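A structural walkthrough
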Amino acid sequence: MPRFRPILDELPAYRPGKAVVSADGRSFKLSSNESPYDPLPSVVEAMAAAVREVHRYPDPGCVRLTETLAERLRVPPEHLAFGAGSVTVAQQLFEAVGDPGAEVVYAWRSFEAYPLLADLAGVTSVRVPLADETHDLAAMAAAVTPSTRMIFVCNPNNPTGTANRAAELTDFLDRVPEDVLVVLDEAYREYVRDADVPDGLTLYADRPNVAVLRTFSKAYGLAGLRVGYLVAQEPVASAVRKTTVPFAVNSVAQAAAIASLAAEDELLERVETVVKERTRVREALLGQGWQVPPTEANFVWLRLGERTGEFAERCAVDGVAVRPFGGEGARVSIGSPDANDTFLAAAEAFRKG
C-alpha cells in the first residue's frame, strides 16, 4: 500500500454549493454566490474564438491579460500574479509561506477553504472568532506570534457579508509586523457600497507586506472558467508566480477575462442590479423579523444555530438551495428576482413555523 501524508486521513473535503429541485420542478441555486446572469455576448464571442486554438498551450505568463488588467487597475504589471481562481492563488500563498511550524491567522467563521489550504500546506491555523459577525482585527493583531507568517482578512467576509472599515483596518495594518504578510481577500469588492470600506489597492502600494486577492468568478460571472489574481509589490507577486502550476489559467479563461474587462461598464450595471436586489432581500428579511447583518457582498447571512439544517431543508422544498454551515447559520446568494422572491417566501414560511 502506498504511503501518504497522515493529514489526508483527517482532511475534510471542500463542499461546494449544491442545487436542489422542488416537487414541481423549480430549482434556484443560491448556494454558491454565483452571478445570476449569462455571459455577455461579447464575452461568449471571445471564448468561441479562443476555443478554436485549444490545440495550443495557453500563454503561461498571461501576458495580454496582465497588460490589460495592469492598465485597468493602474498598477505595474510585475505586481500581478494569476491562478485558477482566487482560491488557487490563496493556495499558492500558503505554499509560499508554508515552512514547518509556521502559523497563519484568519477569522472564523470565514472562507471555508482557509483551514483546508493551511492543512495541505502543513502550516498551523490560528482561528480568531468573529465579533458581531465581523473580523475582530484587534484580536487578530494580538494573535500574532514570532511564528506567524501570514494573515488573511476576508473583506467583505464570506459567509457573513460584513466588512471592516478604513480606520480599523489601517490601525490593524500598522500593528502587524513588517515580516508578516497580510492578504486582503476581496473576492466581493465590486459589490461594496459602503464608502468607508477601503479598496485594498489603496493600501498595498506603500506596504510591502500587504497583498490583495481578487477574482473574475463573482461580479464578472466567470466562475466556471477559474481566473483569480493577486496584486502585491513585486517580491510578493514574484513568490506567488514561483508556486504557479504551469499553464494554470487556460486560454479560453484568459480570453474571457480580457473581454470582460473590455465590457466592464455593462457588467457593472449587472452588479448594480444585484446590489439593489441585495437591499430588497435584506429589508424584506428584517421585516419578517430576522436578524441579518449589513452585507457588502452578493449574499446575506442568517445566524440560525441548531436550526440551520432544518432551514436549509425547508428552502429545498421550494427548490431553493442555500449554503448551510451546520450549527451556525446559512448563507444565501442574491439571485434573480424570481429566485429571491421564492427564497423570501420560504424564509417567511419557516419563521411562521
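Cut-off values and rules
Residues numbered from 1 in each chain as written. Predicted model: local features only at pLDDT ≥ 70, side-chain atom pairs only at ≥ 80, totals over all residues. Heavy atoms only, no water. UniProt positions renumbered as here; feature names shortened; annotations may be inferred. Buried < 20%, exposed > 50% of the residue type's maximum accessible area, 1.4 Å probe, protein only. Helix = DSSP H or I, 4+ residues; strand = E, 2+ residues; numbered from the N terminus. Pairing = 2+ DSSP bridges. Patch = residues over 30% accessible without salt bridge, like charges linked within 9 Å, V, L, I, M, F, W, Y side chains within 5 Å. Areas by Shrake-Rupley, 256 points an atom, 1.4 Å probe, with all protein chains shown as cover. Salt bridge = Lys/Arg side-chain N within 4 Å of Asp/Glu carboxyl O. Axes fitted to C-alpha atoms, helices over the stretch in contact; angles between N-to-C directions. Contact = heavy atoms within 4.5 Å.

The name an unreviewed UniProt entry assigns to the protein chain is Aromatic amino acid aminotransferase, from the organism Sphaerisporangium flaviroseum. In its Cofactor (unreviewed entry) section, UniProt records this for the protein chain: "pyridoxal 5'-phosphate". According to UniProt, the comment filed for the protein chain under the heading Function (unreviewed entry) is "Aminotransferase that catalyzes the conversion of aromatic amino acids and 2-oxoglutarate into corresponding aromatic oxo acids and L-glutamate."

1. A closer look at the pairing of strand β8 (residues 228-232)
In terms of burial, β8 is a largely internal element, five of the five residues being buried. Burial along β8 is two-sided: Gly-228, Leu-230 and Ala-232 and Tyr-229 and Val-231, pointing in opposite directions, are all buried. Where strand β2 (residues 80-83) meets β8, four bridges bridge the pair, whose relative direction is antiparallel. Across the sheet, the residue bridging to Ala-81 is Leu-230, located in β8. Pairing of strand β7 (residues 210-215) with β8, which is carried by five bridges, proceeds in the antiparallel orientation. Counterpart to Thr-215 in the pairing with β8 is Gly-228.

2. Here's the deal with a nonpolar patch on the surface
A contiguous nonpolar surface patch, about 300 Å² in accessible area, is contributed by Phe-4, Leu-8 and Leu-120. As for its position among the elements, Leu-120 is in helix α4 (residues 113-121).

3. Details of unusual backbone geometry
The step from Trp-108 to Arg-109 runs through a cis peptide bond, and the omega angle for that step is 10°. Note on placement: Arg-109 falls in the loop between β3 (103-108) and α4. In this model, Asn-158 is joined to Pro-159 through a cis peptide bond whose omega is 25°. As for its position among the elements, Pro-159 is in the loop between β5 (148-154) and α6 (166-175). Of note in this structure, Glu-133 is not a glycine but carries a positive phi near 65°. By the secondary structure assignment, Glu-133 is in the loop between β4 (124-129) and α5 (137-142). Positive phi, normally seen in glycine, also occurs at Phe-247, with a value near 60°. Turning to its location among the elements, Phe-247 is positioned in the loop between α8 (234-242) and α9 (251-262). Overall, Phe-247 belongs to the partly exposed group, its relative accessible area being 34%.

4. Section: the sheet that holds β4
The strand order across the open sheet formed by seven strands is β2-β8-β7-β6-β5-β3-β4, and the pairing between neighbours is mixed. Each of the sheet's edge strands pairs with one partner strand only, and the pair in question is β2 and β4. Sheet twist, expressed as the average angle between the axes of neighbouring strands with direction ignored, equals 25°. With five bridges joining them, β5 and strand β6 (residues 181-185) adopt parallel strand pairing. Of the residues in β6, the one forming a bridge with Met-150 is Leu-181. Across the face of the sheet, α8 comes into contact with β2, β6, β7 and β8 while running at roughly 150° to β8.

5. Considering the environment of Pro-208
Mapped onto the elements, Pro-208 comes out in the loop between α7 (201-204) and β7. Taking relative accessible area as the criterion, Pro-208 reaches 54% and is therefore assigned exposed. When the C-alpha positions of Pro-208 and Leu-181 are compared, they lie 8.4 Å apart, and in sequence the two are 27 residues distant. In this view, Pro-208 contacts Gln-233 and Val-236; residues no more than four positions away in its chain are not counted.

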